[in-house]
Amino acid sequence: SKRIADDLMRLIETANAPIFGINTAGQVTEWNRMVANITGYSKAEALGKDLVSCFISEQYKDSVSRVLKEALNGQETANFEFPLFTKHFERKIQILM
């Protein structure tokens, strides 16, 4: 079971897509290399930060908070797209859930 967990972590870390995870409080618990490359925030900088308050623009905070809360409660949301800002707010990336 430890080997399976290690394999899954390696898969997430090396995925060719941005992958992040949050806990029930909305704090970042996973931040793979691709999302770090795209946003400019290292894993160390992102872990423990509130995803919505630190990485989402004011305009989208309410809707992203709602969708994430629903997802954490087991409710699916089809094709929800939101912007995730880069470290220097130079550009944003669209995240599709």
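Keep in mind the model is a prediction, meaning the values are calculated, not measured.

Asks: Looking at this model, I keep getting lost on the overall build of the chain. Mind explaining?
Replies: Along the backbone of the chain there are five helices and four strands. The helix and strand sequence of the chain, counted from the amino end, reads α-β-β-α-α-α-α-β-β. Structurally, the chain occupies a C-alpha span of about 40 × 30 × 25 Å along its principal axes. Residues counted as buried form 31% of the 97 residues belonging to the chain. At a minimum sequence separation of 6, the contacts of the chain that also span at least 24 residues come to 32%.

Asks: I'm lost on the nonpolar core in this one. Help?
Replies: Ranked by internal contacts, the top residues of the largest apolar core, which has 17 residues, are Trp31, Leu51, Phe55, Val64 and Leu84. Elements represented by at least two residues in this core include exactly strand E2 (28-31), helix H2 (33-39), helix H4 (51-55), helix H5 (58-72) and strand E3 (81-85). Residue contacts for phenylalanine 55: discarding those within four places in its chain leaves Val28, Trp31, Tyr41, Ala46, Lys49, Asp50, Pro83, Leu84 and Phe85.

Asks: I would appreciate a short explanation of H5 in the present structure.
Replies: With 15 residues, H5 should cover 21 Å at 1.5 Å per step; its first-to-last C-alpha distance of 21 Å lies within 8% of that length. Within the span of H5, buried status applies to Lys61, Val64, Val67 and Leu68. In the core, the buried residues of H5 are packed alongside strand E1 (20-22), H4 and E3. One or two positions beyond H5, positive phi appears at glycine 74, with a value near 90°.

Cut-offs applied
Residue positions within a chain follow its written sequence, with the count starting from 1. Selection of residues for local features in this predicted model requires a pLDDT of at least 70, selection of side-chain atom pairs for listing and counting requires 80 or more, and totals for whole chains, interfaces and linings are taken over all residues. Side-chain descriptors were evaluated using all non-hydrogen atoms of the structure, hydrogens and water having been removed beforehand. Think of it this way: any DSSP run of H or I at least four residues long counts as a helix, any run of E at least two long counts as a strand, and we number them from the N terminus. Throughout, exposure labels follow a simple rule: accessible area from a 1.4 Å probe, protein chains only, divided by the maximum for the residue type, with under 20% read as buried, over 50% as exposed, and the rest as partly exposed. Contacts between residues were defined by any pair of non-hydrogen atoms, one from each residue, lying within 4.5 Å. Residues enter a nonpolar core if they are buried and are Ala, Val, Leu, Ile, Met, Phe, Trp, Tyr or Cys, with the set joined through side-chain atoms within 4.5 Å. A helix is expected to span 1.5 Å for every residue after the first.

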